[in-house]
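Results of the structural survey
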Amino acid sequence: MLTEQKGKHCGENLTIADQAAIRVCINDFVVRGLLPFNERRMRALNEALNTRRGLRGTFFSATKKLFSPGPKPGVSGKVPANPGYLTDSPEILLRRLGDISFLLQHYTMAYSSYHQVKRDFQNDQAYNHYAAALEMTSLSLFMGSGVRREPHPYYDECINVYLNLCKSPLYAMRATLVHCECLISRGYYLSAAAWFIKMANDENDLNSGLLLEQGAHCYVRVDPPSLRKYAFHLVLAGHRYSKVGQRKHALRCYKNAGDIFKGKGWSLAENHIGFTIGKLSYYVRDIDGAYDAYQSLLTYNNDCVHVMHSQILFQKGIQDFVSVVQIYLQSQPPSTTVELPIPIVDNNNIHLSLFGEKMSGMVKETPDFDKAKRQGELELEDVAHGLMSEGRVSFFKPSQTVFSGDTLNTFRPICAINETVTVLIPVKNPLQVPLTLSNISLHCLHSPRDPNHPIKLIKAPSRGSSPDMSYKSKLKTASKDQVETSELARLVLGPEEEVIISLSVTPLVEGNLSIASLVYHLVSTKALDKQAPDGSKESVMENMIPGKINLCPRGPRLNQTKDQRVGQVYGIDNRLNMLVTSPLPRLELETSSLPTHLFCGEVKCAVIEATNTGATPLTKLCLATSRPCSLGEVRLSPFQPVVHPRGGQFCHVIDPSHHAPRAAVVNLPDGQLNPGQTAYIAVWVYGGEEAEKYDLVTLLYYTPSTDIPGVTHRAVSTETKVNISVSVTVESRVCNVTPTSHNKLQLLGSVIVNNVGYYSLSLQDLHVTQLSLVSNRWIMNSLESNIPLVVYPGASINIPFRAELSPKESAYFSSVSLGGGPLVDTSANHVLDLYRRSQACLEANKTSADSPSPHYNMGMLVFWEGSVSEEGNKSRILHAQNHTALQASLLPQPQQLLSLGLSYQETWSADFKTAPLLPVPVTLHITNCYNTSLTVMVTANTTAGRPAPPKDTLPFMWSGVVRHKIEIPDHVTRSVNLTAVFSTPGVYNINQLSVCVSRDTGPLPQLLDSTSLLRVDAL
């Protein structure tokens, strides 16, 4: 017997002659010995068969076949014992003849022999011999080229007989393997797969795994391939392999199936395969494979959302993942941090605020970015910058303190040393199991400033160019001496919960600072049944691994070039790449004294506290507001200014070039505001002319005391929501312009003050204290009047006034006191500033510009005071000033000689069922604005010369005396009492009167207000 020795191989010493001799020997053995021997055997078998097979044998065989039928093949039942055959029986001889023919590759003769003998075995119910004959018959058909019949039916019957009648699963397995190989060689992949799968059972998991895997490979060879069936049966095969401990074979099957299910949106299949791959890789000590599998399992994908239906499964998955990472970290340096796929960080919605506080925790939501508000702040900052530049041309780079996904983040944030930066990071738990994190903080990179390359003003890159990112190559992990970060001790995220983590960063040295990642520890809890030292049960055991999530927000998608439009190219986002400079001043504002509720025309003073919390002083300071406000006194200690100071002059000249800009320079007492000092800035807030709700934006623009490259100024702003309620409406009218006895022109007019504050129960009676006229030529004089100066809720008064034309053209500010008290000092800056920023001033200037005469430029200021009830039964006195525009001509206008006004109760209630008519008293006040006595005719119950009443008003009637004729001396007021009668509830216009002045040339109509509404309600 030839055996191999160590280091040697059999036959390596044979020569070519020896090899030729061996070939000749073998050839002689086959040709001269083996083939002649088998031929003689076949001849002897044929002769024996012909001798033994006669009529008797054939007759008894036919009788046995007809009268002794056995169970049909493929049907299970009680199987009789296999009959024994002698070695020289015809059936055995015929089977032996078929075997020799098959060995000699005479497949046609072999098929004939097997096919003939199988019928005898079937008749004799020798099912083992019958199944074997069927198997060889099918194999002869397959091997032979001259036979055109298909071997499949014979194999099908053979396998069924082995399984159901012979109860021989091992022989059935052998026949199935051979049969499937024949089917595969003929291209019948689906039939082969069906037989592989059919033979898989629960009794032998190893054989079933092999058959399922082979069936899966048959599905992938079909044209077109059945990929889902292929992957499905691979998963089944892997499961069978894992049950018998064949983990490597199971891992191979699951990996091949995972490649098919990946990215198809079949989340449940991906979860199962990923979890199993991770577990099997962990068992075979493939740590890298286990880490990749668990990472893909826990990675959130928008296209394939992982729906975690089994809480126990993925809780176990997190525990295994933590164990895998712990083993992986054992082979890495001690400071290694693994990039983990959970939780999910929304990089594009990271919010960074430069002026923050040292904190760590959670917030409910990130501040909303209002583009309109930001645009308003930029406009205010631009106005302040232009005022502070004093006409010099300078590059304006707006200061930006908030960076988010909605802002333009091309510029890098500029932060000073020891200034805290707050970062809000939205995170989400994509799993349906709780997620526990601990020791959450920010990982920062830092590079020191190069003194040879000073900081330059950073500009946005031009089109087609890229910004300078050379500093990133020098970034290294920041030490505790370079940056201070806050830490969140513990955070538990519920299933599919979204929270916003608030963390802070404080740079300590100059240079480039980049927030690179969010670092934390992922905690895995495991239930325990152990006893604690105190006797209680320890419920859980915690394992944790250090992890991180890289923070990489991206800019807006670019759409400038064709390549950018076709592909997905995004711009630069520098919100996390900060530039740290030397210490800077920093203002913090306290605006709690700013009013949140005002009445129309109300003037209220608020003191803004501006504290320099920075490390260096600031020099220039500018205040800008979005609504009409006026800058007052500035002090370094608290104070309370007076709203309307008294002791003003009757008339004074103002600067015609004076205007009230949206920004004003704040004059600091010492020329600068040192660190720790607080400046108290008085700001006069005006309620406006109409009821509304708006946001008052207050911006302070300031510059550092030292020149720092890249930082020209800083700005801080606050927003206060202000609600304006109705109080009074003011209308002014020029009644007449006539010459006086001294050949001078005088202007006669009236101011109508209507108290509409009855809509607000907190506003009580108001007192009109002063009228002031702003004009280029007209100066107001006192005018005696009997009309009371107290305006009750829902009532109105008509205040006449008179002004004379000044010989010199200048900007006059003249006033008349109505209550007998001292005049309001109209020379105060806030009085004129608030008027200059009012709509009345704009209308007056517009009228003057549109007219050829400049003397149309007039404005009327009405000063009044009122009592307001507040919470807690408290009351306060409000001071207000309303503005209105006037139009007048230098030419006399004798047509309007009277000042007319109606006084009545605006709301009535009546029961028209008991009293069908409701009489309402109405008083008509007539003031003679002319220099001589006039005869006035008043006619009621007519609309002649009056505009048509509004469509939503109803008709009514006048009762009693409807015609009146009275004599009114010059500059005297008379009253006419009338009665209006109403029959139905509704809204009425009672201005249905005709007032005429009797002249030699005929009656001269006088005009009233277009509408005077009265409401009648039914009880």
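Criteria and cut-off values
Residues numbered from 1 in each chain as written. Predicted model: local features only at pLDDT ≥ 70, side-chain atom pairs only at ≥ 80, totals over all residues. Heavy atoms only, no water. Helix = DSSP H or I, 4+ residues; strand = E, 2+ residues; numbered from the N terminus. Buried < 20%, exposed > 50% of the residue type's maximum accessible area, 1.4 Å probe, protein only. Contact = heavy atoms within 4.5 Å. Areas by Shrake-Rupley, 256 points an atom, 1.4 Å probe, with all protein chains shown as cover. Pairing = 2+ DSSP bridges. Axes fitted to C-alpha atoms, helices over the stretch in contact; angles between N-to-C directions. Salt bridge = Lys/Arg side-chain N within 4 Å of Asp/Glu carboxyl O. Phe/Tyr/Trp six-rings, centres within 6.5 Å; stacked < 30°, edge-to-face > 60°. Parallel < 35°, antiparallel > 145°, perpendicular 65-115°, else oblique. Left-handed = near helix turned anticlockwise from the far one by under 90°. Core = buried A, V, L, I, M, F, W, Y, C linked by side-chain atoms within 4.5 Å. Patch = residues over 30% accessible without salt bridge, like charges linked within 9 Å, V, L, I, M, F, W, Y side chains within 5 Å. Nonpolar A, V, L, I, M, F, W, Y, C, P; charged D, E, K, R; others polar. Expected span 1.5 Å × (residues − 1). Polar contact = N/O pair within 3.5 Å; in protein donor to acceptor, adjacent residues only side chain to side chain. pLDDT = per-residue confidence, 0-100.

As a further point, take the overall build of the protein. A tally of helices and strands in the protein yields 18 helices and 45 strands. Scored against the burial criterion, the 1019 residues of the protein give a buried share of 46%. Long-range contacts, defined here as pairs at least 24 residues apart, represent 76% of the contacts in the protein between residues at least 6 apart. In the structure as shown, the protein presents an accessible area of about 52200 Å², 52% of it carried by carbon and sulfur atoms.

Spatial ordering of the open sheet is given by β36-β45-β42, a layout of three strands whose pairing is mixed. Of all the strands in the sheet, just β36 (907-910) and β42 (986-989) have a single pairing partner and so form its edges. Adjacent strand axes in the sheet meet at a mean angle of 25° when their direction is disregarded.

A word on the pattern of salt bridges. Under the counting rule described, the total for this entry stands at 16 salt bridges. Here Arg240 and Asp202 are joined by a salt bridge, their closest N and O atoms 3.0 Å apart. Taken together, the positions of Arg240 in helix α10 (residues 227-243) and Asp202 in the loop between α8 (189-198) and α9 (205-220) put the pair 38 residues apart, joining distant regions of the chain. For Arg240, a relative accessible area of 13% puts it in the buried group.

A few words now on the packing of aromatic side chains. Each aromatic ring pair is specified by the distance between its two centres and by the angle formed by the two planes. Applying the stated criterion across every chain, the model contains nine aromatic pairs. Look at Tyr162 and Tyr171: their rings are 5.6 Å apart centre to centre, the planes differ by 50°, and that puts the pair in the tilted class. Judged by its relative accessible area of 40%, Tyr171 falls in the partly exposed class. A ring pair is formed by Phe956 and Phe982, whose centres lie 5.3 Å apart and whose planes are at 35°; its orientation type is tilted. Of this pair, Phe956 sits in the loop between β38 (934-940) and β39 (957-959) while Phe982 sits in strand β41 (residues 973-982), and the two are 26 residues apart along the sequence. When its relative accessible area of 1% is taken as the criterion, Phe982 is described as buried.

Take the sheet that holds strand β35 (residues 898-903) next. Spatial ordering of the open sheet is given by β35-β37-β41-β39, a layout of four strands whose pairing is antiparallel. If you trace the sheet from one side to the other, it starts and ends with β35 and β39, each paired once. Neighbour-to-neighbour, the strand axes of the sheet open up by a mean angle of 35°, direction not taken into account.

Moving on, we come to the packing of helix α5 (residues 127-143) against helix α6 (residues 152-165). At their nearest, the axes of α5 and α6 sit 8 Å apart, and the two run at 155° to each other. As summarised for this structure, α5 and α6 are arranged roughly antiparallel, according to the angle between their axes. For the pair α5 and α6, the crossing hand works out as left-handed. In this structure, α5 contributes Tyr127, Tyr130, Ala131, Ala132, Leu134, Glu135, Thr137, Ser138, Leu139 and Leu141 to the contact, and α6 contributes Tyr154, Tyr155, Glu157, Cys158, Val161, Tyr162 and Leu165.

A few words now on the nonpolar core. In this structure, Phe102, Phe121, Val161, Tyr162, Cys218 and Ile273 are the most contacted members of the largest nonpolar core, which totals 72 residues. For this core, the element with the most residues is α5, which contributes nine residues. With residues near it in sequence (within four places) discarded, Phe102 still touches Tyr107, Ala110, Tyr114, Met136, Leu139, Ser140 and Met143. One finds Val345, Phe403, Ile417 and Val580 within the second-largest nonpolar core, a separate group that totals 53 residues.

All right, on to a nonpolar patch on the surface then. A cluster of nonpolar side chains, Leu14, Ile22 and Ile26, forms an exposed patch at the surface whose accessible area comes to about 260 Å². Structurally, Ile22 is set in helix α1 (residues 16-52).

Moving on to the packing of α8 against α9. For the pair α8 and α9, interaxial distance at closest approach is 8 Å and the crossing angle is 165°. With respect to α9, the element α8 is oriented roughly antiparallel. You can see that α8 and α9 cross each other, and the crossing is left-handed. Here Tyr189, Leu190, Ala192, Ala193, Phe196 and Ile197 of α8 come into contact with α9, specifically with Leu211, Leu212, Gln214, Gly215, Cys218 and Tyr219. Here the residues of the contact of α8 with α9 are counted per class, giving ten nonpolar, two polar and no charged.

A word on the pairing of strand β15 (residues 577-581). When you tally the buried positions in β15, you get five out of five residues, the bulk of the element. By the alternation rule, side chains of β15 split into Asn577, Leu579 and Thr581 and Met578 and Val580, which are all buried.

With omega at 0°, the peptide bond leading from Asp223 into Pro224 counts as cis. Looking at the element boundaries, Pro224 is found in the loop between α9 and α10. Cis geometry marks the peptide bond from Ile342 to Pro343, where omega comes out at -5°. Mapped onto the elements of the fold, Pro343 is located in the loop between β1 (338-339) and β2 (344-345). Residue Asn418 is not a glycine yet carries a positive backbone phi of 70°. With respect to the secondary-structure elements, Asn418 resides in the loop between β6 (414-416) and β7 (421-428).

Here the focus is the pairing of strand β45 (residues 1013-1018). Pairing between β36 and β45: four bridges, direction parallel. Within β45, the residue paired with Ala910 across the bridge is Ala1018. Relative to β45, β42 is paired through four bridges, and the arrangement is antiparallel. Pairing of Asn989 across the sheet is with Leu1013, part of β45.

For the rest of this paragraph, the subject is helix α15 (residues 371-389). Across its 19 residues, α15 extends 26 Å between first and last C-alpha, which sits within 8% of the 27 Å expected from 1.5 Å per residue. In this structure, the buried side of α15 is in contact with β19 (618-625), β22 (663-666), β24 (692-704) and β25 (714-725). One or two residues past the end of α15 sits Glu390, with phi positive at roughly 55°.

Below, the discussion takes up helix α11 (residues 247-261). Taking 1.5 Å as the rise per residue, α11 with 15 residues should run 21 Å; its terminal C-alpha atoms sit 21 Å apart, in good agreement. Turning to α11, its buried residues are Ala250, Leu251, Cys253, Tyr254, Ala257, Gly258, Ile260 and Phe261. Along its buried surface, α11 packs onto α9, α10 and α12 (267-283). Trailing α11 by a residue or two, Gly263 shows a phi angle of about 75°, which is positive.

Moving on, we get to the side chain of Thr973. The topology assignment puts Thr973 in strand β41. Within the structure, Thr973 has its side chain in polar contact with the side chain of Thr927 (distance 2.8 Å). With residues up to four places along the chain from it excluded, the contact list for Thr973 reads Ile926 and Thr927.

Below, the discussion takes up the confidence of the model for the protein. Confidence in the prediction for the protein averages 79 pLDDT; 80% of positions are at 70 or higher. For the stretch residues 71-81, pLDDT sits under 50, and the model shows 20 contacts to residues farther than four places along the chain or on other chains. In this model residues 527-531 is a low-confidence stretch, pLDDT under 50, and it forms 13 contacts with partners more than four residues away in sequence or in other chains.

Locating Thr706 in the fold gives a position in the loop between β24 and β25. Sequence separation between Thr706 and Leu584 is 122 residues; the distance between their C-alpha atoms is 8.7 Å.

Now for the environment of Thr596. Summarising the element assignment, Thr596 is placed in the loop between β16 (587-590) and β17 (597-599). Distance in space between the C-alpha atoms of Thr596 and Val722 is 4.4 Å, their sequence separation being 126 residues. Aside from chain neighbours lying at most four places away, what touches Thr596 is Thr720, Lys721, Val722 and Asn723.

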